Structures are given as C-alpha cells and as structure tokens.
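# Survey of secondary and tertiary structure
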Amino acid sequence: MLLYCHIPYCDSKCHYCSFNSYVGRFESRTRYMEALLEQLPAELERFGASPGSITSLFIGGGTPSTVPAELYTPLFEALAPWLADDAEISSEANPNSASESWLAGMRQLGVNRLSFGVQSFDDEKLRRLGRAHSSAQAIEAIERAAEIGFERLSLDLIYNCAGDDRALLEADLRQALSLPVGHLSAYELTIEEGTPFARTPEVRQENDSLARWMARHVEETGLVQYEISNFGDPCRHNLGYWRHEDYIGLGAGAVGFLRDRRFYPHSDLDVYLDNPLARRIEPLDAEALKTERIFLGLRSRVGIEATLLNSGERERAEILLSEGKLRQEGARYFCTDYFLADGIALFLMD
Ligand code: SF4
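Read on for a plain summary of the structure. Please read all numbers here as calculations on a predicted model, not as lab measurements.

Applying the stated rule across the entire model yields 23 salt bridges. The salt bridge involving Arg-25 is made with Glu-27; its shortest N-O contact spans 3.0 Å. When its relative accessible area of 18% is taken as the criterion, Arg-25 is described as buried. Across the pair Arg-204 and Glu-206 runs a salt bridge, and its minimum N-O distance is 2.9 Å. Look at Glu-206 and you get exposed, because its relative accessible area is 62%. Through salt bridges that share partners, Arg-25, Glu-27 and Asp-270 make up one connected network.

Quick look at the structure:
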C-alpha cells in the first residue's frame, strides 16, 4: 500500500495554486508533525497494515521543504517498521527552501526520490506565476541534491501560460535536461476557482499543438511518456494511484482510499490540529470505481483490463483497436495517445 503525507505550508502562494496550503502559519509546524503522529496509528489499523507493507511514501504539499528535516525524524521513526525494505520514499521540494541541511537531513532519514517544483527557468515567467524562486536557485538546488547523493530526481514544468512558445519551452527543456534529473513532469496551466488567476483567465493559452510538441520533444531526449504529464523514470507512487492501490492519507485534507471508500481528514489546518482523527467517509459504488479505473488506466501506461468492460464496451474497444487508438497487450488495453485518453474513455463508456 501507499502512504501520502501532506505538508500544508508554503512560503508564498503561487497565483495558479488551489492546493491546501497556508502561508504565515509556520508557528504550528511542530504541533502539525505531532498531529501526523496521532493520526498515523489509527490509519495503519484501519488499513490493516502489516510490517513492511508500505511500498511507497510520498511527502507532498504545500512545500515539504518548509519543514526542517529534524521535525520529520519522529514520523520516520514511527514509520520505519511499516516501510518495505525497498520502499520508494519521495518528497516534493521547492528550490528556495531545499537548503543543504534540509537535503542532507532528508536523505539521512531515507528519502530516496526528490521532485522539485521548478515550473520554468525563465525568471519573467516565474514572476508571473508567483513563484518564490529564481531560475538560478532551481539549478543550484537540483545540483546540490545530486551532490548530496540523491539519485532519483524529478522536476515539474508548466506550459501553456499566455505567451509560451516553442522557443521558451525548448529553452526550459534544454536547461531541465542538462540537470541530473531522470524524470520530468510537464503540466498544462489550469485555471482553478478561488485562485488569483481565476480573475485573469487570459493568462492561460489554448494550444494543443504546443502540448503535443512538448511531449514529443521530451521523448526525443529519451524520457519516455508514461502518463499525460509524466516522463522518464516512473514514480511508483503515482503508478500506484493509477492502478487503484490502497493509499493512506496523512495530514490536513490528505485523502485516503481503501477498496471502496475514501477518507477525508479535515482540510482546515486548525480543525485538523484540534482533531487529527476526525474524517468524512465517502463510499464508492462499483460504477464509480470502474469509471475511475478506466480514466486513470487510459491516461497512463497502466492500461485497463479487458475483463473490466461489458460486452458493449468491448465492441467499442474493438472499433478503437481497428482505428489504432487503442492497442492490446495480453488481456489489457492501452491508449496509443494519452492526450486523447479522456475522449476515448467517454466513447468506451458511452
Ligand atoms: S509552492 Fe506549490 S503548493 Fe505552494 S502555493 Fe506554490 S504551487 Fe501551491
């Protein structure tokens, strides 16, 4: 099973971000890490975890690098018996807060994969996105992480901000791939409700051909696309989500999933701190689970089991196979073009 741990702190709020994160609440960090420790045993019990059964731990946010490494120590001590020997232990990090001591401390705790929120190497674009770091800081932080001994590094880029063109993205990719990263995530800018960008939606541009160009260009460098937005050395944690594996969600607003239920701890930081054990439970029916499996499977190299489909859906799958939009390998179907995955899923389930 997987475990996601949410760190809801950021240095500043990026203009496009709707994640559950707080600025100016650092005074509660120690209490928050204690709250995680309160929640953990209840979740391990609920999920029937056995020693060594957690194959992937992902620390996300927010910005995990805003919490000093030493504050993570009790959590890692509590988790140690439950983690598989070869567990993937990932953390997100931002270039301006991933200091040498944070990186060294997290590596010592066992983190073996880091994902940097970079978004662009163009300082003007970073400013428009409201990022708290510069291009130089991003380069420095990633090089520092490699020097400290992290072998699995990833970075995120954003594209289709108004004004993005091939020249800018090519420069971003050239810089990204000159760094010691084996994985890249490239996300299209989306306008989320309640964010500053929701008031100026024109900051996003529609340009499907740029998205396709970007994906092709990344693949040419040898990083294979394994999901719409992800390339290279696959992230075990994300693959687990797309395969519908169970996941524990630890922290404010961190969703958990167990077979046919989702668990929602409160997303408000203060409410969570008061009662880390409170949660809402959402039952999921067979139809909802199937729909999710189809969407997630087709968007990624996970694919879908032929046995998941009813006879009408299999007939439509045959049509898609004949058109080259799906391919079959053994008893699984895979999308041949992840950018078309949602439309194909809708057609299949028509
Ligand atoms: S650093 Fe990440 S989580 Fe924090 S505001 Fe920016 S995008 Fe959101």
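The structure having been displayed, the exposition proceeds.
In this section: the packing of aromatic side chains. Summed over the entire model, instances satisfying the criterion amount to eight aromatic pairs. Ring geometry for Tyr-226 and Trp-242: centres 6.0 Å apart, planes at 50 degrees, overall tilted. Taken together, the residues Tyr-226 in strand 9 (residues 225-227) and Trp-242 in helix 8 (residues 236-242) connect sequence positions 16 residues apart. Given a relative accessible area of 2%, Tyr-226 falls into the buried group. Its relative accessible area of 10% is what places Trp-242 among the buried residues. Its end group placed over the ring of Phe-263, Arg-46 keeps NZ or CZ at 4.3 Å from the ring centre. Sitting above the plane of the Tyr-264 ring, Arg-280 keeps its charged end 4.2 Å from the centroid.

Here we come to the site of the ligand. Taken together, the neighbourhood of the ligand is formed by Cys-10, Ser-12, Lys-13, Cys-14, Tyr-16, Cys-17, Phe-19, Gly-62, Thr-63, Asn-94 and Arg-131. Looking at the shell around the ligand residue by residue, the classes come out as five nonpolar, four polar and two charged.

Before going further, it helps to spend a moment on the environment of Gly-253. Structurally, the position occupied by Gly-253 is in the loop between strand 11 (247-250) and strand 12 (256-258). Overall, the relative accessible area of 31% leaves Gly-253 in the partly exposed class. In this view, Gly-253 contacts Asn-20, Pro-265, His-266 and Ser-267; residues no more than four positions away in its chain are not counted.

Basis of the calculations
- Residues numbered from 1 in each chain as written.
- Predicted model: local features only at pLDDT ≥ 70, side-chain atom pairs only at ≥ 80, totals over all residues.
- Heavy atoms only, no water.
- Salt bridge = Lys/Arg side-chain N within 4 Å of Asp/Glu carboxyl O.
- Buried < 20%, exposed > 50% of the residue type's maximum accessible area, 1.4 Å probe, protein only.
- Phe/Tyr/Trp six-rings, centres within 6.5 Å; stacked < 30°, edge-to-face > 60°.
- Helix = DSSP H or I, 4+ residues; strand = E, 2+ residues; numbered from the N terminus.
- Lys NZ or Arg CZ within 6 Å of the ring centre and 35° of its normal.
- Near = heavy atom within 4 Å.
- Nonpolar A, V, L, I, M, F, W, Y, C, P; charged D, E, K, R; others polar.
- Contact = heavy atoms within 4.5 Å.

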